[in-house]
Each structure stands twice: as C-alpha cells, then as structure tokens.
Amino acid sequence: MTEFKETQRFTQWWLWLILFGTWAIMIFALLQEVNEINMSFFIGGFIGLGLPIFFWQMRLVTRVTSAGIYVRFIPFHFKEQFYPWDSIESAQVRTYDSLFEYGGWGIKYGFSGQGKVYNVSGDQGLQLVFKSGEKILIGTHKPEEIQAAVPL
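### Looking at the overall build of the protein chain
Helices and strands together make up the secondary structure of the protein chain, namely 4 helices and 9 strands. If you list the helices and strands of the protein chain from N to C, you get β-α-α-β-β-β-β-α-β-β-β-β-α. Sorting the 152 residues of the protein chain into buried and exposed places 39% on the buried side. Across the protein chain, contacts joining residues at least 24 apart in sequence account for 52% of those joining residues at least 6 apart. Summed over all atoms, the accessible surface of the protein chain reaches about 8,800 Å², with 64% contributed by carbon and sulfur.

This is the structure:
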C-alpha cells in the first residue's frame, strides 16, 4: 500500500487581501488614537496583528496509512483525528462546491446530509462514507495520489 501525506494552507489571494486590508485599517485607526492609549488600543492591536498570524498558522494535515486516515486541522485539533479502514464503507475522490455544499472553508457541516468537511481551498476531496452512515469529506490538492493510497 502506498502511504500518503499532504499539508495544505490557506493560500487564496482574496483571503489575504481581506486579512491585510483589515490589518492596515486597524493599524491606521490605532495610530489615530496613539495619544489616548486605552483598552480598545490593546484589543485592536491584538486583533489586528493576531488575525493574520492565526490564519498563517492554520493548516490541514492528512495522512493515509495501512491502518487508516489521519486528519489534523491545526490549531483546532490538538491531536490527529483517526479513522480506521474497518469503520469505512467507501472512500472516493469527488468534486464538490465548498461554498454551496458546506458554507465555506475550514471545518464545516453540510446543509443537507453531506456530513462534515475539512478543507482549506480547491474543489476536490476524499469522500469517506462510514459503515455507521456518517460522512466526512477531506479536501485535497492531490486527488490522484490520495485515491491511489486508499485500499478500498
């Protein structure tokens, strides 16, 4: 069996434009209040600097091994989420629409029975259907490679 590992980050230009635009506006507003340092100065500074750093640290790590699939969405998961092969009925790569099926990117739940999704960008994902009926979609930028690593 082929082992697979992929690490994805938020790399969309429009997301970074929004984050840095917000950061620039907050820094400008803070500089206007520099002679009056108060709690809003510190809160604005923390959010203004913290939000881009927070998004830069976010990443989705997916591993496929002979034991199963491991998923970790840093910093939301402190440890990997493990899905053993014996609990999975099927695992197929499919095309999806993150915005319309799940309401966006990140860790989301589908609107009408699609289950949970872990994704950061793109429109390809490994759809897991569990024997319990639960569904999880894991976004990928390497659909052929991840499908080749799946033993089902």
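That covers the picture; the talk isn't over yet.
### Things to note about the sheet that holds strand β1 (residues 4-8)
Two strands in a sheet stick together by hydrogen bonds in their backbones, pointing the same way (parallel) or opposite ways (antiparallel). One open sheet holds the 4 strands; their spatial order is β1-β2-β3-β4, and the pairing between them is antiparallel. Strands at the two margins of the open sheet, each flanked by one partner only, are β1 and β4 (81-84). Looking at each pair of strands side by side, their axes are set apart by 10 degrees on average, direction ignored.

### Concerning the sheet that holds strand β5 (residues 88-95)
Read from one edge to the other, the open sheet built from 5 strands follows the order β5-β8-β9-β7-β6, with strand pairing classed as mixed. For this open sheet the edge positions go to β5 and β6 (106-109), each flanked by a neighbour on one side alone. Put simply, the sheet's adjacent strands are angled 20 degrees from each other on average, direction ignored. Sheet analysis places strand β7 (residues 116-119) next to strand β9 (residues 135-139), joined by 3 bridges and oriented parallel. Counterpart to valine 117 in the pairing with β9 is leucine 137.

### Comments concerning the environment of arginine 63
Of note, arginine 63 is situated in strand β2 (residues 59-64). When its relative accessible area of 24% is taken as the criterion, arginine 63 is described as partly exposed. Put simply, arginine 63 and isoleucine 146 are 83 residues apart on the chain and 9.0 Å apart in space, counted from C-alpha to C-alpha. Setting aside anything within four residues of it in sequence, one finds arginine 63 in contact with Phe4, Lys5, Gly68, Ile69, Tyr70 and Glu80. A polar contact is formed between the side chain of arginine 63 and the side chain of glutamate 80, at a distance of 2.8 Å.

### Examining the pairing of strand β8 (residues 124-130)
A regular strand carries its side chains on alternate faces of the sheet. With 5 of its 7 residues buried, β8 lies for the most part within the structure. When β8 meets β9, the two strands line up antiparallel, connected through 5 bridges. The residue of β9 that forms the bridge with leucine 128 is isoleucine 136. Counting the residues between successive antiparallel strands, the hairpin from β8 to β9 contains 4 residues, one of them, glycine 133, with a positive phi of roughly 100 degrees.

### Section: the packing of aromatic side chains
Think of a pair of aromatic rings as described by two things: how far the centres are apart, and how the planes are tilted against each other in angle. Tallying each qualifying case throughout the model produces 4 aromatic pairs. Just above the ring of tyrosine 70 sits the side chain of arginine 63; from NZ or CZ to the centre is 4.2 Å.

### Side note on the nonpolar core
Residues Ile69, Ile88, Tyr118 and Leu128 are the most contacted members of the largest nonpolar core, which totals 23 residues. At the level of secondary structure, the elements contributing two or more residues to this core comprise β2, β3 (68-74), β5, β8, β9 and α4 (143-149). In contact with tyrosine 118, not counting residues within four places along its chain, are Leu60, Val71, Phe73, His77, Gln81, Tyr83, Gly106, Ile107, Ile136, Leu137, Ile138 and Gly139.

Reading the values: the criteria
Residues numbered from 1 in each chain as written. Predicted model: local features only at pLDDT ≥ 70, side-chain atom pairs only at ≥ 80, totals over all residues. Heavy atoms only, no water. Helix = DSSP H or I, 4+ residues; strand = E, 2+ residues; numbered from the N terminus. Buried < 20%, exposed > 50% of the residue type's maximum accessible area, 1.4 Å probe, protein only. Contact = heavy atoms within 4.5 Å. Areas by Shrake-Rupley, 256 points an atom, 1.4 Å probe, with all protein chains shown as cover. Pairing = 2+ DSSP bridges. Axes fitted to C-alpha atoms, helices over the stretch in contact; angles between N-to-C directions. Polar contact = N/O pair within 3.5 Å; in protein donor to acceptor, adjacent residues only side chain to side chain. Phe/Tyr/Trp six-rings, centres within 6.5 Å; stacked < 30°, edge-to-face > 60°. Lys NZ or Arg CZ within 6 Å of the ring centre and 35° of its normal. Core = buried A, V, L, I, M, F, W, Y, C linked by side-chain atoms within 4.5 Å.

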